[in-house]
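Each chain is listed here by its residues.
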Amino acid sequence: MTERDYRSTVFLPKTEFPMKAGLAAKEPQILARWQAERLYDRLRTERARRPRFILHDGPPYANGDIHMGHAMNKVLKDVIVRSRSMLGFDAPYVPGWDCHGLPIEWKVEEKYRAKKLDKDAVPGPEFRAECRAYAADWVARQRGQFERLGVMGDWDNPYLTMNFAAEATIVAELLKFATSGQLYRGAKPVMWSPVEKTALAEAEVEYADIVSTQIDVAFEIVESAIPELVGAYAVIWTTTPWTIPVNQALAYGPEVEYVLTQINQAIGQEPHPLVGRSIVVATDLLTQTEQRLGCVLTAMLGRQSMHLKGSDLAGTVARHPMHALGGFFARPRPFLAGDFVTTEQGTGLVHMAPDHGEDDFILCKANGLEPVFAVEGDGKYRADWGWLGGQGSVINAKFNAPDGPICTELREAGALLAASADYAHSYPHSWRSHAKLIFRATPQWFIPMDAPSPLGGEGQVARLGDQGEGAGADASKGAAASPLPGREDATGPSPSRGEGSNGATLREIALDAIERTRWVPARAQNRIRAMVDGRPDWVISRQRAWGVPITLFVDRLTGEYLRDDAVNARIVEAVQNQGADAWWATDAAHFLGSGRDPADYERVDDILDVWFDSGSTHAFVIEARYGEGVRADLYVEGSDQHRGWFQSSLLESAGTRGRAPYDAVLTHGFALDAQGKKMSKSVGNTVDPLKIMDDAGADILRLWVVSTDYFEDVRIGKEMLSGQSDAYRKLRNNFRYMLGALDGFTAAEAVPVAEMPELERWVLHRLAELDVEVRRATESFEFGPMMVAINAFANQDLSAFVFDIRKDSLYCDAADDPKRRAYRTVLDRVFDCLVKWLAPVLVFTCEEVWTTRFPDAGSVHLGEWPVIPADWRDDALAERWERLRVLRSLATQAIEPFRKDKIVGTSLAAALDIRAGAEEAALVASSNFQELAISGAVSIDIVGDAGSFEVGVRPSDDARCERCWRHLPDVATDTGLCDRCSSVVAHA
């Protein structure tokens with residue numbers, strides 16, 4: 001027999017789709033084409049009049065290159081939006097940026113600090129112009145970086161909080177609160193940055209471990225209903241020595257047990273300043289106090305120590321250690337009952353400085369003690385303060401040190417019992433400057449959480465309490481109204497409140513809205529509910545330059561802010577035309593109108609908290625673009641936004657519309673390094689998304705995002721990315737195979753489902769199952785399980801099973817053979833499903849795959865997910881083929897040792913002798929098991945044991961076909977071809 005080369009008669013797959021992805025170079029080209037074709041605009045046109053799905057983009061700050069958290073967040077949003085679009089929704093995506101506030105202002109100030117210039121000396125308009133230019137520059141840079149990630153949106157018309165229209169809307173939203181009486185000005189302790197000289201919101205605070213000076217200070221008792229206490233000393237412990245100069249009272253726990261004991265002996269060489277004197281401390285903290293004081297506390301001479309209940313201390317009065325200075329320091333320091341006093345640490349007695357603590361403020365205010373505003377914005381005591389005037393800053397470690405001025409003068413006064421710079425604890429810092437913060441009472445504007453609101457909320461929440469309790473209830477934990485800085489006895493008019501409203505409070509409306517919102521994951525609801533339930537009034541004012549002004553006029557005589565619709569309209573119009581600068585640049589008389597003297601009014605100079613800006617975005621993005629009353633279907637941000645954007649948006653909308661601005665909220669975790677640590681430039685463990693895209697491509701990064709459990713914190717590193725690269729490579733190879741196998745396929749070749757072999761119908765069943773999984777993932781926003789299912793289908797069902805079995809039919813059957821046509825028909829369906837299901841994730845690759853096959857069909861992203869016919873689902877067939885796959889696996893396992901030992905060259909040369917139970921034997925006999933196992937001849941013997949299945953392997957006795965390489969009994973000796981191949985070659 002003369003050997004012939006039949007390779008030219010085999011139908012090998014043909015495609016120009018490369019195995020090597022080259023994403024880093026290819027993706028920018030695809031992106032450029034989308035931009036040139038205005039793909040986003042085309043999609044909006046094609047989806048017009050479809051049901052709308054709105055994911056509202058939370059605004060990142062326009063400063064600095066994007067980091068991995070940005071990438072994770074934007075990719076997840078993009079996958080959600082694209083998935084909804086593929087479901088047929090009109091799913092617009094309007095990206096936005098937060099452009100005001102401290103993060104940007106701080107960066108601009110750095111330029112001045114580097115030149116040793118004073119930023120405060122720069123005219124306001126000039127400084128704000130620099131901030132605007134800085135923000136605009138970073139908006140442009142970040143826009144390009146987000147687009148490079150493959151995020152599709154209205155990049156030509158994003159929303160910026162610094163746009164004039166946005167600033168005007170923010171002002172209008174503020175004035176809604178003002179008009180309805182939901183604003184007040186007062187003073188109570190807020191988080192304050194002495195470095196940045198402004199109040200901060202909770203969301204702008206980070207905590208870091210520090211070591212502070214801890215001190216024990218003695219306050220001499222001068223009055224008490226218990227005679228033994230007079231002349232004794234109350235000992236307090238604090239880690240903020242700088243608050244002692246503003247002390248006004250001492251707090252005790254009513255149920256705490258205290259002991260009057262004596263400092264009997266000093267330990268060490270230095271004599272204790274109060275040796276032989278009596279002190280009062282909590283009984284449970286006696287040992288701890290002894291250790292800090294370095295002394296022995298014993299029974300008083302001649303009798304046992306006296307034990308007291310905290311409530312016995314009512315009416316007791318002490319004097320400040322620096323009472324000799326007179327004035328403020330000579331005033332008596334009353335003992336006040338505080339439920340917050342515990343015996344966890346310290347002495348069980350707490351010194352009260354209403355300027356610098358929330359508990360302090362509330363307790364002192366209830367007892368007629370008001371803040372004195374001794375510490376100024378830069379952290380120094382004001383110049384006229386009786387002790388340490390003009391000195392500070394109070395956050396300076398040296399200022400608070402054991403040898404610093406505070407401790408030194410307390411020691412000289414005989415009141416410093418102990419001081420050591422060794423107390424390690426967590427402390428609040430600014431998230432921008434990373435400088436330590438303080439609680440500081442200062443005049444601010446607040447939105448009350450517990451005053452009656454004119455809005456009843458969506459659920460018409462019943463207001464708690466009686467109608468008359470509103471102002472009084474709030475005042476018990478509210479703020480000192482309209483204080484005058486620099487005056488110890490500052491008082492003023494009562495805060496503005498809702499006028500006689502029977503509505504629910506803002507807190508109640510917000511809590512009700514939380515119940516009506518879908519939270520993903522569900523546990524997030526408890527988190528935000530707890531935060532809203534326990535949060536204080538919302539301080540919305542900042543003492544900075546770059547932001548939207550608080551556009552209020554305050555009557556100098558009454559302290560009330562002006563509420564006039566005509567004035568408000570003129571203010572909003574001016575900001576609409578000129579931006580925020582209009583508030584400062586326009587003459588007050590223009591705003592106030594005729595009949596009002598500008599001299600009678602104070603024009604507020606503060607700006608708004610940027611969280612109020614971003615909390616108002618639903619008004620100037622969603623409602624402005626899609627209609628009044630429209631709310632977002634979904635907000636998506638990291639878990640930190642429960643106290644940030646999610647909450648500020650909720651409170652703003654609840655206060656102005658009586659409901660949440662969203663129907664659902666998705667919370668994702670944070671991106672950590674490979675060891676699970678927070679990424680930090682200073683540590684050097686950051687993973688740069690821009691570098692990943694430059695090296696591997698955006699699709700690898702996108703695949704990593706959706707493949708993680710992003711509801712939790714996730715890790716990223718070389719190993720994780722390598723795993724995603726492998727997963728990507730397998731998917732790409734599957735697409736490459738299908739593109740080659742479908743070369744030349746047309747609709748005319750398609751075979752009806754009813755005429756397909758079982759294997760093809762089983763594949764269609766699997767597509768029907770996957771369709772359910774894909775749509776469920778879109779509804780639940782859980783794309784990780786979807787990717788697991790798709791990868792398993794592509795790698796296990798297709799590549800390792802169907803493709804392997806059907807390669808013989810694809811390569812060797814006649815072009816018009818019904819089985820080959822059926823296989824190609826199914827491949828066409830599989831291709832359509834996979835490329836579209838994966839298009840929201842692998843945006844560039846799926847576009848490349850789609851246009852390779854359909855170069856004139858337009859972008860895959862204009863398409864929709866296929867509608868799977870109901871008759872593709874066949875659970876009985878699926879059960880049968882799952883059993884066949886198990887038997888096939890047993891057969892291939894039996895063949896493998898023979899192939900490995902080279903007894904047979906390939907599985908095609910292995911004949912199988914199967915001994916099986918009746919049911920298994922019937923299953924094998926009913927299938928083309930030789931084709932299924934890709935083996936030689938198959939013989940079946942029925943054995944009596946039910947469930948038995950044994951496979952014997954031997955070299956095939958049949959000749960090998962020179963074209964298909966199968967070992968068959970019908971191979972002709974003259975041609976070397978089997979009957980099937982002989983027919984195909986003859987008709988080629």
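The residue numbering used here restarts from 1 in each chain and proceeds along that chain's sequence as written. Where totals are concerned, whole chains, interfaces and linings use all residues; where local detail is concerned, this predicted model gives features only for residues with pLDDT of at least 70, and gives and counts side-chain atom pairs only at 80 or more. Side-chain calculation: all heavy atoms of the structure are included, whereas hydrogens and water are not.

Comments concerning the overall build of the protein chain
To qualify as a helix, a DSSP run of H or I must reach at least 4 residues; to qualify as a strand, a run of E must reach at least 2; elements of each kind are numbered from the N terminus. Each helix and strand in the protein chain was counted, giving 30 helices and 33 strands. For a compact globule the rule gives 2.2 Å times the number of residues to the power 0.38, and the radius of gyration it is set against comes from C-alpha atoms. A compact globule built from 988 residues should have a C-alpha radius of gyration of about 30 Å, whereas the protein chain, at 38 Å, is more than 25% larger. Only the protein chains shown count as cover for residues, with accessible areas throughout obtained via the Shrake-Rupley method and a probe of 1.4 Å. Carbon and sulfur atoms provide 50% of the accessible area of the protein chain, an area that totals close to 40,200 Å². Positive and negative charge centroids in the protein chain, built from 108 and 140 side chains respectively, lie 4 Å apart. Residues counted as positive are Lys and Arg, residues counted as negative are Asp and Glu, and His and the chain ends are not counted. Charge placement uses NZ in Lys and CZ in Arg. For Asp and Glu, CG and CD serve respectively.

A few points about the sheet that holds strand β26 (residues 664–668)
Two strands qualify as a pair provided that DSSP identifies no fewer than 2 bridges between them. Taken in spatial order, the four strands of this open sheet run β1-β25-β26-β19, and their pairing is parallel. The strands lining the two open edges of the sheet, one partner per strand, are β1 (55–56) and β19 (518–520). Where β19 lies against β26, three bridges are found, and the strand directions are parallel. Opposite Arg-518, over in β26, you have Ala-664 as the bridge partner.

Here's the deal with the packing of aromatic side chains
Stacked, edge-to-face and tilted labels apply to pairs of Phe, Tyr and Trp rings (six-membered ring for Trp) whose centres lie within 6.5 Å, assigned for plane angles under 30 degrees, over 60, and everything in between, in that order. One pass over the structure, following the stated rule, counts 31 aromatic pairs. For the pair Phe-553 and Phe-591, a centre-to-centre distance of 6.4 Å together with 55° between the ring planes defines the contact as tilted. Of this pair, Phe-553 sits in strand β22 (residues 553–555) while Phe-591 sits in helix α16 (residues 588–592), and the two are 38 residues apart along the sequence. Think of it in three bands: residues with accessible area under 20% of the maximum for their type are buried, residues over 50% are exposed, and the middle band is partly exposed, with areas taken using a 1.4 Å probe on protein chains only. Judged by relative accessible area, Phe-553 falls into the buried class, the value being 3%. Classification of Phe-591 as buried rests on a relative accessible area of 1%. Ring geometry for Tyr-635 versus Tyr-662: centroids 4.7 Å apart, planes at 70°, classification edge-to-face. Of this pair, Tyr-635 sits in strand β25 (residues 634–638) while Tyr-662 sits in the loop between α19 (645–657) and β26, placing them 27 residues apart in sequence. Owing to a relative accessible area of 0%, Tyr-635 belongs among the buried residues under this scheme. We classify Tyr-662 as buried; its relative accessible area is 1%. Each ring is checked for a lysine NZ or an arginine CZ that lies within 6 Å of its centre and within 35 degrees of its normal; such an atom marks a charge sitting over the ring. Geometry around Trp-584 places Arg-128 over its ring, the cationic atom sitting 4.1 Å from the centre. Over the ring of Phe-801 we find Arg-885, and its NZ or CZ is 4.4 Å from the ring centre.

Quick word on the layout of surface pockets
Of the volumes computed, that of the second largest pocket is approximately 1,000 Å³. Taken together, 34 residues line the second largest pocket, and the ones lying closest to its centre are Thr-238, Thr-239, Thr-240, Val-350 and Asp-360. For the lining of the second largest pocket, the elements supplying multiple residues, two or more each, are β7 (233–238), β15 (349–352), α8 (358–366), β16 (416–430) and β17 (438–447). Examining the composition of the lining of the second largest pocket, we find that five residues originate from one element, β16, more than from any other. Throughout this entry, Asp, Glu, Lys and Arg are counted as charged residues, while Ala, Val, Leu, Ile, Met, Phe, Trp, Tyr, Cys and Pro are counted as nonpolar. The remaining residues, Gly among them, count as polar. Taken together, the residues that form the lining of the second largest pocket break down as 16 nonpolar, 14 polar and four charged. Using a grid of 1 Å spacing that covers the protein atoms alone, one calls a set of points a cavity when a 1.4 Å probe fits there but cannot get out, and a pocket when the set is open and has protein on both sides within 12 Å along at least five of seven lines; lining residues are those with an atom within 4 Å of a point. Grid points are joined across faces, edges and corners, and a volume is the space filled by probe spheres set on the points.

So, empty space enclosed by the protein
Counting across every chain of the model gives five cavities of 30 Å³ or more. Considering only enclosed or pocket space, the largest cavity measures out at about 80 Å³ in volume. Taken together, 14 residues make up the lining of the largest cavity; nearest its centre are Gly-101, Leu-102, Glu-204, Arg-542 and Arg-544. Of all the elements in the fold, those that place two or more residues in the lining of the largest cavity are α4 (102–114), β5 (198–199) and β24 (607–608). Grouping the constituent residues of the lining of the largest cavity by class yields seven nonpolar, two polar and five charged.

A look at the sheet that holds strand β29 (residues 910–916)
Strand order in the open sheet formed by three strands is β30-β29-β31, with mixed pairing between adjacent strands. Looking at the sheet topology across the chains shown, the edges are occupied by β30 (938–942) and β31 (949–955). The mean inter-strand angle of the sheet, taken between neighbouring strand axes irrespective of direction, is 20°. The pairing of β29 with β30 spans five bridges and is classified as parallel. Following the sheet pairing, Asp-913 is matched in β30 by Ser-939. Contacts: residue pairs with any heavy atoms within 4.5 Å of one another. To obtain each axis, a line is fitted to C-alpha atoms, and for helices this fit is confined to the stretch in contact; angles are then taken between N-to-C directions over 0 to 180 degrees. Set on the sheet, helix α27 (residues 875–900) makes contact with β29 and β31; between it and β31 the angle comes to about 35°. Contacting β29, β30 and β31, helix α28 (residues 918–925) crosses the sheet at an angle of about 155° to β30.

Some details on the environment of Pro-241
Residue position: Pro-241 is located in the loop between β7 and β8 (249–252). Sequence-distant contacts of Pro-241, that is, excluding residues within four places in its chain, are made with Thr-213, Ile-215, Asn-400 and Ile-406.

A closer look at the confidence of the model for the protein chain
Scored by pLDDT, the protein chain has a mean of 90; 94% of the residues are at 70 or more. Predicted confidence is poor over residues 461–501, with pLDDT under 50, and the contacts of this stretch with residues over four places away or in other chains come to 103 contacts. The score called pLDDT rates the predictor's confidence residue by residue, from a low of 0 to a high of 100.

Concerning the state of the cysteines
When two cysteine sulfur atoms are found within 2.5 Å, that pair is recorded as a disulfide. Under the defined criterion, the tally for this structure stands at zero disulfides. In this model Cys-846 remains outside any disulfide bridge; the closest cysteine sulfur is found in Cys-833, 12 Å from its own. Left unpaired, Cys-961 is separated from the closest cysteine sulfur, that of Cys-964, by 3.6 Å.

Overview of the packing of helix α13 (residues 524–534) against α19
At their nearest, the axes of α13 and α19 sit 11 Å apart, and the two run at 60° to each other. In terms of orientation, α13 and α19 fall into the oblique class. Judged by the twist between their axes, the crossing of α13 over α19 is right-handed. Each of Ile-528, Met-531 and Val-532 in α13 lies in contact with α19, whose residues at this interface are Phe-646, Gln-647 and Leu-650. When grouped by side-chain class, the residues that make up the contact of α13 with α19 number five nonpolar, one polar and no charged. In these notes the angle categories are as follows: under 35 degrees is roughly parallel, over 145 is roughly antiparallel, 65 to 115 is roughly perpendicular, and the rest is oblique. Should the near helix be turned counterclockwise from the far one by less than a right angle, the crossing is left-handed, whereas a clockwise turn marks it as right-handed.

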